[in-house]
Amino acid sequence: MAASALIVASIGACRAQCVEFSDRASQLELDTFVKSPSSLLERLRNDKDKLRFRLATYIATNPSVLPSVQTLISASASSDRSAIGAALRIAEGRCTSTKPDAARKIRDFTQRIGDLNVQAGYSAAGEDTSGVQLQSQDKSKAQPARGGALLDGEWKTKLANPFKPVPLPN
């Protein structure tokens, strides 16, 4: 009986996630955040960018952490609240294509908050998506190119000229 409940709970958790496995936060991190949301502020003190992206990862991994985000907002300084709002917007953007219901839940949560600093950060992140683009660029740099420079063409199916001169930066 307990095993079937565990399987059902894990299936529900898998459906709630908006991002691929490699982009998810670990279950230990999520549990720590749910138990003590202010621990995130203590770990990432004075680094708004890390706070924004880490919190966005938590929310996109499991949108059911939103009540803990409410606790985090209550415990945070007003300067951190704009980063929290931006994290909500980034998480919503990640969930829009894969889990529109989760994205709607995040948007409704943000509107119910009523904190002007959170809403300002949420709006600013919507206007400036460079943070999401910056994070995706970092991810593409970390992944090695498949096939290297030996394959060429639109679908990387033609052999490239190995004696072609290397372009130099200007």
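Here the structure is a predicted model, which means the values were calculated and not measured.

Rules and cut-offs
Residues numbered from 1 in each chain as written. Predicted model: local features only at pLDDT ≥ 70, side-chain atom pairs only at ≥ 80, totals over all residues. Heavy atoms only, no water. Helix = DSSP H or I, 4+ residues; strand = E, 2+ residues; numbered from the N terminus. Buried < 20%, exposed > 50% of the residue type's maximum accessible area, 1.4 Å probe, protein only. Contact = heavy atoms within 4.5 Å. Areas by Shrake-Rupley, 256 points an atom, 1.4 Å probe, with all protein chains shown as cover. Core = buried A, V, L, I, M, F, W, Y, C linked by side-chain atoms within 4.5 Å. Salt bridge = Lys/Arg side-chain N within 4 Å of Asp/Glu carboxyl O. Axes fitted to C-alpha atoms, helices over the stretch in contact; angles between N-to-C directions. Parallel < 35°, antiparallel > 145°, perpendicular 65-115°, else oblique. Left-handed = near helix turned anticlockwise from the far one by under 90°. Expected span 1.5 Å × (residues − 1). Arc of directions from axis to C-beta. Polar contact = N/O pair within 3.5 Å; in protein donor to acceptor, adjacent residues only side chain to side chain.

## Structural notes on the overall build of the protein chain
When helices and strands are counted, the protein chain shows nine helices and two strands. Across the 170 residues of the protein chain, 32% fall into the buried class. Sequence-distant contacts in the protein chain: of pairs separated by 6 or more residues, those separated by 24 or more amount to 68%. When the accessible surface of the protein chain is split by element, carbon and sulfur atoms take 57% of a total near 11200 Å².

## Observations regarding the nonpolar core
Of all hydrophobic cores here, the largest spans 34 residues; its most connected members are Phe33, Leu40, Leu55, Ile59, Val69 and Leu88. Elements supplying a minimum of two residues to this core: helix 2 (27-35), helix 3 (38-43), helix 4 (48-61), helix 5 (66-75), helix 6 (78-98), helix 7 (100-113) and helix 8 (116-127). Beyond its immediate stretch of four places on either side in the chain, Leu88 contacts Ile59, Leu66, Val69, Ile106, Phe109, Thr110, Val118 and Tyr122.

## Observations regarding the pattern of salt bridges
Close approach of charged atoms allows side chains of opposite charge to pair. Under the counting rule described, the total for this entry stands at seven salt bridges. Between Asp80 and Lys48 there is a salt bridge, with the nearest N and O atoms lying 2.7 Å from each other. Within this pair, whereas Asp80 is found in helix 6, its partner Lys48 is found in helix 4, the two being separated by 32 residues in sequence. For Asp80, a relative accessible area of 14% gives the class buried.

## Some details on the packing of helix 2 against helix 4
Taken N-terminus to C-terminus, the directions of helix 2 and helix 4 make an angle of 100°; their axes are 11 Å apart at the nearest point. When the axes of helix 2 and helix 4 are compared, the pair comes out roughly perpendicular. Contacts from Glu29, Leu30 and Phe33 of helix 2 reach helix 4 at Arg54, Leu55, Tyr58 and Thr61.

## Looking at the packing of helix 6 against helix 7
For the pair helix 6 and helix 7, the least separation of the axes is 6 Å and the interaxial angle reads 155°. Looking at the two axes, helix 6 sits roughly antiparallel to helix 7. Relative to helix 7, the crossing made by helix 6 is left-handed. Facing helix 6, whose interface residues are Leu88, Ala91, Glu92, Cys95, Thr96 and Thr98, helix 7 presents Pro100, Ala102, Ala103, Ile106, Arg107, Phe109 and Thr110.

## Examining helix 7
Helix length check: helix 7, at 14 residues, gives a terminal C-alpha distance of 20 Å against a target of 20 Å (1.5 Å per residue), a fit within 8%. Every buried residue of helix 7 is listed here: Ala102, Ala103, Ile106, Phe109, Thr110 and Ile113. For helix 7, the buried positions fall inside an angular range of 125° around the axis, keeping them on one side. The exposed set on the far side of helix 7, more than 90 degrees from its buried face, consists of Asp101, Gln111 and Arg112.

## A few points about the side chain of Thr110
Along the polypeptide, Thr110 turns up in helix 7. In this structure the side chain of Thr110 is engaged in a polar contact, spanning 2.9 Å, whose partner is the backbone oxygen of Ile106. Leaving out residues up to four positions away in the same chain, Thr110 has contacts with Leu88, Gln119 and Tyr122.

Interpretation note: all reported values are geometric properties and have no functional meaning in isolation.
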